[in-house]
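Working through the structure, step by step
Residues per chain, in single letters:
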Amino acid sequence: ARPVTLSRLQEMKSEQEKFTCLTAYDATFTHVMNAAGVETILVGDSLGMVIQGQDSTLPVSIDDMCYHVAAVKKGNSNAFILADMPFMSYSKPELALDNAAKLMQAGAQMVKLEGGAWLCDTVQLLSERGIPVCAHLGLTPQAVHKLGGYKLQGKDQAAADLIMQESLALVAAGADILLYECIPTTLAKSLTEAVPVPTIGIGAGPHTDGQVLVMHDMLGANLGRRPRFVKNFLTDGRSIQEAFEAYVSEVKSQTFPAPEHGFNS
Ligand code: KIV
Ligand code: NA
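Residues numbered from 1 in each chain as written. Chains lettered and ligands numbered in written order. Predicted model: local features only at pLDDT ≥ 70, side-chain atom pairs only at ≥ 80, totals over all residues.

Going by an unreviewed UniProt entry, the chain carries the name 3-methyl-2-oxobutanoate hydroxymethyltransferase and comes from Maribrevibacterium harenarium. Its UniProt record gives the chain a comment under Pathway (unreviewed entry), which states: "Cofactor biosynthesis; (R)-pantothenate biosynthesis; (R)-pantoate from 3-methyl-2-oxobutanoate: step 1/2." Listed under Subcellular location (unreviewed entry) in UniProt, the entry text for the chain is "Cytoplasm". (UniProt positions renumbered as here; feature names shortened; annotations may be inferred.)

Shown next as structure tokens:
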């Protein structure tokens, strides 16, 4: 298969073909995801939890991220690789540029940052320097202690309007993809229709252009409780590759996420 590029993802949005993303942290699972047709791979700072056993993503360092990005890059043939910028590695625009450069040199093709309008200066700087940016809004796990837990965001009209305004500002600043975590299904639909760039959702219903899940979660391997938006695809005697294939086919046919995986406002 031809390598997936940002322009291909934009084309898929305009053709209304849904695309998939899974997290990966090593070469082998990346290779199996390629074989299953997963278009994009996220080296998520969720590795703090699923790989390192931390109780949040806050302890993850830029060196931790680069180590896993390099491993994923080695196993990858054709997926588009996004990498998370960890907690406080983008607290100022110049620092963000230096740390994004490290991730890009390790093999990332796009960096992801959590936040809203305050990120615009940083997004603009990275974008001007040729670094594709994904902005992560809604439930932003690096802010878990400020948010008071992992819970639904954008519930009331004011909060929903703010996410809309911030999304448009981030796109104007140069964001190439917007990722929404744990927001109402109807809000994710409005956002996806309002912005010209592809959207990716997790706990955001079926209407975003792409879907993402943490690999361990969708293989039924959990340390703690399983969030509502997760589905275990490693069922019915499937191999791991077949579980990835089932995820791809259910996202394409819009059978995943089902209503029970999403949230009402
Ligand atoms: O780190 C991660 O895995 C993520 C996804 C859950 C979107 O940011
Ligand atoms: Na993350």
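1. Notes on the site of ligand 1
Looking at ligand 1, the residues that line it are Thr23, Leu42, Gly44, Asp45, Ser46, Asp84, Leu179, Glu181, Ile202, Val212 and Val214. A class-by-class count of the residues in the shell around ligand 1 yields 5 nonpolar, 3 polar and 3 charged. (Near = placed C-beta within 6 Å. Nonpolar A, V, L, I, M, F, W, Y, C, P; charged D, E, K, R; others polar.)

2. Observations regarding the UniProt feature "binding site: Mg(2+)" (unreviewed entry) in the chain
Residues annotated in UniProt with the feature "binding site: Mg(2+)" (unreviewed entry) correspond here to Asp45, Asp84 and Glu114. Considering the C-alpha atoms alone, the annotated residues occupy 70 residues of sequence yet fold into one spot, their largest mutual distance being 11.0 Å. Position of Asp84 relative to the elements: it lies in strand β3 (residues 80–84). By the element assignment, Glu114 lies in strand β4 (residues 110–114). Exposure remark for Glu114: the 24 C-beta atoms within 10 Å place this residue in the buried category. (Helix = DSSP H or I, 4+ residues; strand = E, 2+ residues; numbered from the N terminus. Buried ≥ 20, exposed ≤ 12 C-beta atoms within 10 Å, placed from the backbone.)

3. What about unusual backbone geometry?
What you tend to see is this: most non-glycine residues have negative phi, and most peptide bonds are trans. Between Phe256 and Pro257 the backbone carries a cis peptide bond, its omega angle lying at -5°. On the secondary structure map, Pro257 appears in the segment after α11 (240–252). With phi around 65°, Met88 is a residue other than glycine that occupies positive phi space. Along the polypeptide, Met88 turns up in the loop between β3 and α5 (93–106). A positive phi angle, close to 55°, is found at Asp236, a residue other than glycine. If you trace the backbone, Asp236 turns up in the loop between α10 (215–218) and α11. What makes Asp236 exposed here is the crowd of 8 C-beta atoms within 10 Å.

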